[in-house]
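Results of the structural survey
What follows is each chain in one-letter form.
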Amino acid sequence: MMDLHTHLDLYKNAMDILAKVNSINSFTLAVTTSPRAWVITNKVFSGYDNIKVALGLHPEIVVEKFNELDLLISLIPQSDFIGEIGIDGSAGYVKSLPQQEMIFDRTIKECQKAGGRIISIHSRGSVAKVLEILKKYPDSGIPILHWFTGSITDLQAAIDMQCRFSINPLMVYSKKGKDLISRIPKYLIFPESDGPFAILNGKPVMPWEAMDVCTSLSEIWVIPIDEVKSIMHKNLNALLNK
Ligand code: MN
């Protein structure tokens, strides 16, 4: 089992589920929403070897956390994984777009300086801008576009750049999500939960439920579920061994 994008520190019972996540999932990427949260979470989660904590600054809260930008930049050399970062171009966050873009640009630039990072990226309503900045820093590492909701044109551009995609159980329930997924090469796909924000049947998706997307992938790809699972593990090994 694996989960490439969860807000593990934000579950109500985070401390209670930590050991379970660590034992069921052979790999979990716990993204954070601010660099201060990373510092604390990284300490608290240390010792759980199958859980990696990504350093982030969520685009929806850049106004409140703007004073943590220097801390974010200064910590990048210490963290192999970056996220959640990105740009949110939807109506509610238009005002902070200049700040969001500046922070994303500086972060990606710093990832390149640090020798490349695995980066979990939020790209709602902003795929073209996100890709434009990623193109400026070709050695910034491996971008994983999480919960992709862009157009087919956006998707093709991201595939051309070899972006990875982490997909969650909610995506596979929508027709648009399924259509997008069917166009992504198998070797670029990973499972994610995006819990506790992603809610299915009234309950947050748990990190050990991210792999439930394999059922839908098996239908979309018309291959047995075991084969889907082995593709996910192969993709993960390729990602971590880069
Ligand atoms: Mn998220």
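Being a predicted model, the structure only gives us computed values, none of them experimental.

**A closer look at the sheet that holds strand S1 (residues 2-6)**
The strand order across the open sheet built from 3 strands is S1-S2-S3, with neighbouring strands paired in parallel fashion. The outermost strands of the open sheet, each flanked by one partner alone, are S1 and strand S3 (51-54). Mean inter-strand twist for the sheet, computed between neighbouring axes without regard to direction, equals 15°. By the bridge criterion, 4 bridges tie strand S2 (residues 27-31) to S3 in an arrangement that is parallel. The residue of S3 that forms the bridge with Val31 is Ala54. The sheet contacts of helix H9 (residues 225-240) involve S1 and S2, and relative to S1 the element is tilted by about 60°.

**Let's talk about the coordination of the manganese ion**
Surrounding the manganese ion are the protein donor atoms His5 (NE2), His7 (NE2), Glu84 (OE) and Asp194 (OD), at 2.3 to 2.4 Å. Along the chain, the residues donating to the manganese ion are arranged with the sequence spacing H-x1-H-x76-E-x109-D. With Glu84 in strand S4 (residues 81-86) and Asp194 in the loop between strand S8 (189-191) and strand S9 (199-200), this residue pair connects regions lying 110 residues apart in the sequence. Judged by relative accessible area, Asp194 falls into the buried class, the value being 5%.

**Side note on the nonpolar core**
Here is a general trend for soluble globular proteins: nonpolar side chains tend to be buried in one another's company. Membership of the largest hydrophobic core comes to 73 residues, with the highest contact counts inside it found for Leu8, Phe104, Phe165, Leu217 and Met232. With near-sequence residues (within four places) excluded, Phe104 lies in contact with Ile85, Gly86, Ile87, Ile121, Val130, Ile133 and Leu134.

**Remarks on the layout of surface pockets**
One number sums up the size of the largest pocket: a volume of about 270 Å³. Around the largest pocket, the lining comprises 13 residues; the ones closest to its centre are Glu60, His122, Arg124, Trp147 and Asp194. Taken together, the residues of the lining of the largest pocket sort by class into 2 nonpolar, 7 polar and 4 charged.

**As for the packing of helix H4 (residues 97-113) against helix H5 (residues 127-136)**
The interhelical angle for the contact between H4 and H5, taken along N-to-C directions, is 30°, at an axis separation of 9 Å. Of the possible angle classes, the one that applies to H4 and H5 is roughly parallel. The two elements H4 and H5 cross, and the hand of that crossing is right-handed. Side by side, H4 and H5 meet where Glu101, Phe104, Asp105 and Ile108 of the first sit next to Lys129, Val130, Ile133, Leu134 and Lys136 of the second. Classifying every residue of the contact of H4 with H5 by side-chain character gives 5 nonpolar, no polar and 4 charged.

**As for the pairing of strand S7 (residues 164-167)**
The side-chain alternation of S7 yields two buried faces, one formed by Arg164 and Ser166 and the other by Phe165 and Ile167. Where strand S6 (residues 141-146) meets S7, 3 bridges bridge the pair, whose relative direction is parallel. What sits directly across from Ile144, in S7, is Arg164. You can see the chain leave S6, run along helix H6 (residues 152-160) and come back into S7, and the turn it takes is right-handed. Direction of pairing for S7 relative to S8: parallel, over a ladder of 3 bridges. Residue pairing for S8: Phe165 is matched across the bridge by Ile189. Note on the crossover from S7 through helix H7 (residues 175-182) to S8: the handedness is right-handed.

**Describing a nonpolar patch on the surface**
On the surface, a nonpolar cluster with roughly 340 Å² of combined accessible area is contributed by Met15, Val39, Ile40 and Val44. Position of Val44 among the secondary structure elements: in helix H2 (residues 35-44). For Val44, a relative accessible area of 35% gives the class partly exposed.

Definitions and limits used
- Counting restarts for each chain, with residues numbered from 1 along the sequence as it is written.
- Thresholds applied to this predicted model are a pLDDT of at least 70 for local features of residues and 80 or more for the giving and counting of side-chain atom pairs; totals over whole chains, interfaces and linings are not thresholded and use all residues.
- The side-chain figures draw on all heavy atoms in the structure; neither hydrogens nor water molecules are used.
- In this scheme, strands are said to pair when DSSP sees at least two bridges between them.
- Every helix listed is a DSSP run of H or I at least four residues long, and every strand listed is a run of E at least two residues long, numbered separately from the N terminus.
- All axes are obtained by fitting lines to C-alpha atoms, using only the stretch in contact for helices, and the reported angles, taken between N-to-C directions, cover 0 to 180 degrees.
- Only heavy atoms enter the contact rule, under which two residues are in contact if any of them lie within 4.5 Å.
- Listed donor atoms are N, O and S within 2.8 Å of the metal (Na, K and Ca: 3.2 Å). As water is not included, a site may look incomplete.
- Relative accessibility decides the category of a residue: with a 1.4 Å probe and only protein chains considered, values under 20% of the type maximum give buried, values over 50% give exposed, and everything between is partly exposed.
- Buried Ala, Val, Leu, Ile, Met, Phe, Trp, Tyr and Cys residues that are joined via side-chain atoms within 4.5 Å together make up what is termed a nonpolar core.
- Grid points spaced at 1 Å and placed over the protein atoms alone form the basis of the search, with a cavity being a set where a 1.4 Å probe fits but cannot get out and a pocket an open set showing protein on both sides within 12 Å along at least five of seven lines. Lining residues have an atom within 4 Å of a point.
- Grid points are joined across faces, edges and corners, and a volume is the space filled by probe spheres set on the points.
- Side-chain classes follow a simple rule in which Ala, Val, Leu, Ile, Met, Phe, Trp, Tyr, Cys and Pro form the nonpolar group, Asp, Glu, Lys and Arg form the charged group, and the remainder, Gly included, forms the polar group.
- Angular relationships are summarised with four words: roughly parallel below 35 degrees, roughly antiparallel beyond 145, roughly perpendicular across 65 to 115, and oblique for the angles in between.
- Each crossing gets its handedness from the near helix: less than a right angle anticlockwise from the far helix is left-handed, clockwise is right-handed.
- By convention, orient the strands away from the viewer: a clockwise path from the first strand over the helix to the second makes the crossover right-handed.
- Grouping into patches uses exposed residues only, defined as over 30% relative accessible area, and leaves out salt-bridged ones; the cut-off is 9 Å for like charges and 5 Å for nonpolar side chains (Val, Leu, Ile, Met, Phe, Trp, Tyr).
- Surface accessibility follows the Shrake-Rupley procedure with a 1.4 Å probe radius. Residue values consider only the protein chains on display as shielding.
- Whenever Lys or Arg places a side-chain nitrogen within 4 Å of a carboxyl oxygen from Asp or Glu, that contact is recorded as a salt bridge.

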